[in-house]
Amino acid sequence: MAVEENTTFRGTRILMGRMQDLNVSTRVATAAIDISKFVTNFVVEDKPQKETVELLANGGQQASDVTGSRKYSGTLDINLATGLLVPLISGVIGKDTQVALVAPAWVLTTATLKGEVVLHSGGKYLVAQNDGTTGATEPTVTTEVDYTDLAVDGTIIWKLRDFLYSSALHNSGFCTDKFFIIERVSEGCGSTGIFDTIMENVELTYMTIEKADGSVISKQSIPIMATKARRSSELDYEDITFADEPNEVFFPRDLTYITDDCTIRVDGEKYGTMHNFSLPYTRNVTSVDSVEPGEQIIKVNAPSTTGEAVIELDPLEYNKLLAQDVKSVSIVMDKGDGEKATFTYPTVTFDEPEAQTTGNEPRLLKAMIKPTGNSTQYMCTVAIQTATKYSL
């Protein structure tokens, strides 16, 4: 049964969910997330397509514009958090499968590396904050809350995490999620009235993973495109209701923004220091006019991605990458608290690499990176660990 609308908010909320979780006929959504706190700018353009009717020679008709179908497009500017990567990438790169993270149980007197995750006997996760060896007795977890650093266990400090989920995503051609986005406005001034504008069958068309000047860029601008838009003011349409009201439960505790450094691995090996990295992923989505007024047809072409990287290497590593052969490249963003994202490009060509320095000192390699893929080999796969549960 749908709950009553949440009337405690003031101003504007931006809600987002998968089309598969929205019943258009009953206007009830079974799942959605409130992304308002992450959105820095949300612009939607509702543009009618017009055809000019010319003057008739003898009828005296006045020239005018006849309105046909409409185009709905816009931009979503957002501060990225690890949890938000799940819905966004499932729309840009490929659908996800989200399950509880499978981790080994805590074991006494065992060598452990920083970042490793183990499962406490009480059901919570422990994330190693340093390299070391576990003690003889499992750490005590009683009233400790999420993100707490526990007492030293042997020589290891653990960070407690209540929940961690694993999401596996991949580029499978045109198999991506479509979304609905609701802009919900409160009338304010003591009124409980709300006004919904909902965009349906939204395609997310572009995304860039970047690193520059020692940090990962956390802001992302994502063009959006929809086939239809509806409003509360339409006589045949009312506000959306929710089986579970979108609220803080989707983003509890810490907001894990992607601001930390990241590493690059080539053919499984960690290579030097990555100074700059940029890899746009473009779905090549276009809209065309429809004979149905108020609705657009979406066409999707093959995706494309070409970026560039600047990596500081020692001479030996530099010589390994200088050859223009195909490599596997992975980009790892690990916050060290269990929130982690790994982008893997199985087949990448380092095109036209060039040396930025000479001699035996560390060298900078600058190269275009061109991932490829086909019907059997994914262009990109993404593995995300996050406390955000999106697939309900």
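Residues numbered from 1 in each chain as written. Predicted model: local features only at pLDDT ≥ 70, side-chain atom pairs only at ≥ 80, totals over all residues. Heavy atoms only, no water.

Here we come to the overall build of the protein chain. Summing up its helical and strand segments, the protein chain has two helices and 30 strands in all. Here the protein chain, with 392 residues, has 46% of them falling under the buried criterion. Put simply, 69% of the contacts in the protein chain that link residues at least 6 apart link residues at least 24 apart. Carbon together with sulfur atoms contributes 51% to the accessible area of the protein chain, which is approximately 18600 Å² in total. (Helix = DSSP H or I, 4+ residues; strand = E, 2+ residues; numbered from the N terminus. Buried < 20%, exposed > 50% of the residue type's maximum accessible area, 1.4 Å probe, protein only. Contact = heavy atoms within 4.5 Å. Areas by Shrake-Rupley, 256 points an atom, 1.4 Å probe, with all protein chains shown as cover.)

The strand order β2-β3-β20 describes an open sheet built from three strands, whose pairing is mixed. Either end of the sheet is taken by a strand with one partner, and the two such strands are β2 (22–23) and β20 (241–242). Bridge count for strand β3 (residues 28–29) against β20 is two bridges, and the pairing is parallel. Bridge pairing in β20 links Ala29 to Phe242. (Pairing = 2+ DSSP bridges.)

Before going further, it helps to examine the packing of aromatic side chains. Using the criterion set out here, one finds zero aromatic pairs in the structure. Over the ring of Tyr147 we find Arg161, and its NZ or CZ is 3.9 Å from the ring centre. (Phe/Tyr/Trp six-rings, centres within 6.5 Å; stacked < 30°, edge-to-face > 60°. Lys NZ or Arg CZ within 6 Å of the ring centre and 35° of its normal.)

Moving on: the nonpolar core. One finds Ile35, Leu88, Ile89, Leu204, Phe343 and Phe350 to be the most contacted residues of the largest nonpolar core, which totals 55 residues. If you look at the next biggest cluster of nonpolar residues, it comprises eleven residues, including Ala29, Ala32, Tyr237 and Phe242. (Core = buried A, V, L, I, M, F, W, Y, C linked by side-chain atoms within 4.5 Å.)

Counting across every chain of the model gives ten salt bridges. Its salt-bridge partner being Asp162, residue Lys124 comes within 3.2 Å of it at the nearest N-O pair. Separated by 38 residues along the polypeptide, Lys124 in the loop between β9 (117–119) and β10 (125–128) and Asp162 in the loop between β12 (158–161) and β13 (165–170) bring together distant segments of the chain. What makes Lys124 partly exposed here is its relative accessible area of 25%. When its relative accessible area of 17% is taken as the criterion, Asp162 is described as buried. Its salt-bridge partner being Lys159, residue Asp149 comes within 2.9 Å of it at the nearest N-O pair. Residue Asp149 is found in the loop between β11 (132–133) and β12, and its partner Lys159 is found in strand β12; the two are separated by ten residues along the sequence. Residue Asp149 is classed as partly exposed on the basis of its relative accessible area, which comes to 45%. A cluster of three or more residues bridged by salt bridges with shared partners is formed by Asp146, Arg161 and Glu339. (Salt bridge = Lys/Arg side-chain N within 4 Å of Asp/Glu carboxyl O.)

The subject of this paragraph is the pairing of strand β23 (residues 273–282). One ladder, built from six bridges, connects strand β16 (residues 206–212) with β23; its direction is antiparallel. The partner of Lys211 across the bridge, within β23, is Phe277. The sheet contact formed by β23 and strand β26 (residues 307–313) spans five bridges and is antiparallel. Residue pairing for β26: Ser278 is matched across the bridge by Glu308.

This part takes up the sheet that holds β9. If you trace the three strands from one edge of the open sheet to the other, you get β9-β10-β12, paired in antiparallel fashion. With partners counted over all chains shown, the strands left at the sheet margins are β9 and β12, one partner each. Strand-to-strand twist in this sheet, taken as the mean axis angle between neighbours without regard to direction, amounts to 30°. Where β9 lies against β10, three bridges are found, and the strand directions are antiparallel. Residue pairing in the sheet places Val118 in a bridge with Leu126 of β10. (Axes fitted to C-alpha atoms, helices over the stretch in contact; angles between N-to-C directions.)

Glancing now at the environment of Glu308. By the element assignment, Glu308 lies in strand β26. Given the relative accessible area of 41%, Glu308 is considered partly exposed. When the C-alpha atoms of Glu308 and Ala367 are compared, they prove to be 5.8 Å apart, with 59 residues separating the residues in sequence. Residues within four places of Glu308 in sequence aside, it is in contact with Asn276, Phe277, Ser278, Ala367, Met368 and Ile369.

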